[in-house]
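Examining the three-dimensional arrangement
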Amino acid sequence: MKSVMPILSAIPADIRRAACAFHEAGHIVVGWHHQRYITHAWLRPPYGFSGETCFEPYRRGFQKDRPGDLGRAEVEITILSAGHCGEMIYWNEGEATKWYPGELHSHADDLEQMAPYIALLRPPDEALLRARCARAATVILYQPSARLAHAAIARRLFDQRRIEPDEVDEILGRGTAAGRVSPVQPAGR
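The structure contained in this document is the topic of the report that follows. Please read all numbers here as calculations on a predicted model, not as lab measurements.

1. Quick notes on unusual backbone geometry
The amide bond that connects Pro45 to the next residue, Pro46, takes the cis arrangement and shows omega of 0°. One can find Pro46 in the loop between strand 1 (38–43) and strand 2 (51–55). Despite not being glycine, Arg122 shows a phi value in the positive range, around 45°. The topology assignment puts Arg122 in the loop between helix 3 (108–121) and helix 4 (126–141). Relative accessible area serves as the criterion here: at 59%, Arg122 is assigned to the exposed category. Unusually for a residue other than glycine, Arg161 sits at a positive phi of about 70°. Relative to the helices and strands, Arg161 resides in the loop between helix 5 (144–160) and strand 3 (162–163).

2. Thoughts on the packing of aromatic side chains
Considering all chains together, one arrives at seven aromatic pairs under this definition. Taking the centre distance of 5.3 Å and the plane angle of 70° together, the rings of Phe62 and Tyr117 count as edge-to-face. Of the two residues, Phe62 sits in the loop between strand 2 and helix 2 (67–91) while Tyr117 sits in helix 3, which places them 55 residues apart along the sequence. Here the aromatic rings of Tyr90 and Trp91 are separated by 5.7 Å at their centres, their planes lie at 65°, and the arrangement is edge-to-face. Under the relative-accessibility criterion, Tyr90 is labelled buried at 13%. For Trp91, a relative accessible area of 3% corresponds to the buried category. Between the NZ or CZ atom of Arg16 and the centre of the ring of Phe49, over which it lies, the distance is 4.0 Å. When the ring centre of Tyr58 is taken as origin, the NZ or CZ atom of Arg36, which lies over that ring, is 4.0 Å away.

Reading the values: rules and limits
- Residues numbered from 1 in each chain as written.
- Predicted model: local features only at pLDDT ≥ 70, side-chain atom pairs only at ≥ 80, totals over all residues.
- Heavy atoms only, no water.
- Helix = DSSP H or I, 4+ residues; strand = E, 2+ residues; numbered from the N terminus.
- Buried < 20%, exposed > 50% of the residue type's maximum accessible area, 1.4 Å probe, protein only.
- Phe/Tyr/Trp six-rings, centres within 6.5 Å; stacked < 30°, edge-to-face > 60°.
- Lys NZ or Arg CZ within 6 Å of the ring centre and 35° of its normal.

In short, geometric facts, not functional conclusions.
Quick look at the structure:
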């Protein structure tokens, strides 16, 4: 017997909102791992079925002739991939599994935002680069401490519809904003 995927509009609002919260939380946790810190993240009104995560801006742009910038571009693709990866963690567990819509369209905006980084890197196989970055994001999100933080951040987003940098600091347990490494030159880069 062939299983029928639910129609998106038939999925309960709390399930859709939670999926969005896990999507945004994926960006936040993987961004944090790469020393990219949010200015804010929120679930858009009125229902919270889409969201936005904004990171502190870099102090300088990207240039293809600077090797460090090529690494930064790949990190940005990994962070953008993390939303989809984080959302799939949600859809693959618990109550959400029976509601999985079969195809996610929530990643289209992230794919669009990857375009300038992919153009900078000019990979011989764009799909391979995106797959590598998605795997890297997934590896981060499946670390035990990251799983806990991911769920806690998603819960805060679900409950409050937004999360602030100090709340992320509190959840991830890495101290205050004043103690962070600058996102301009991440440690080890």
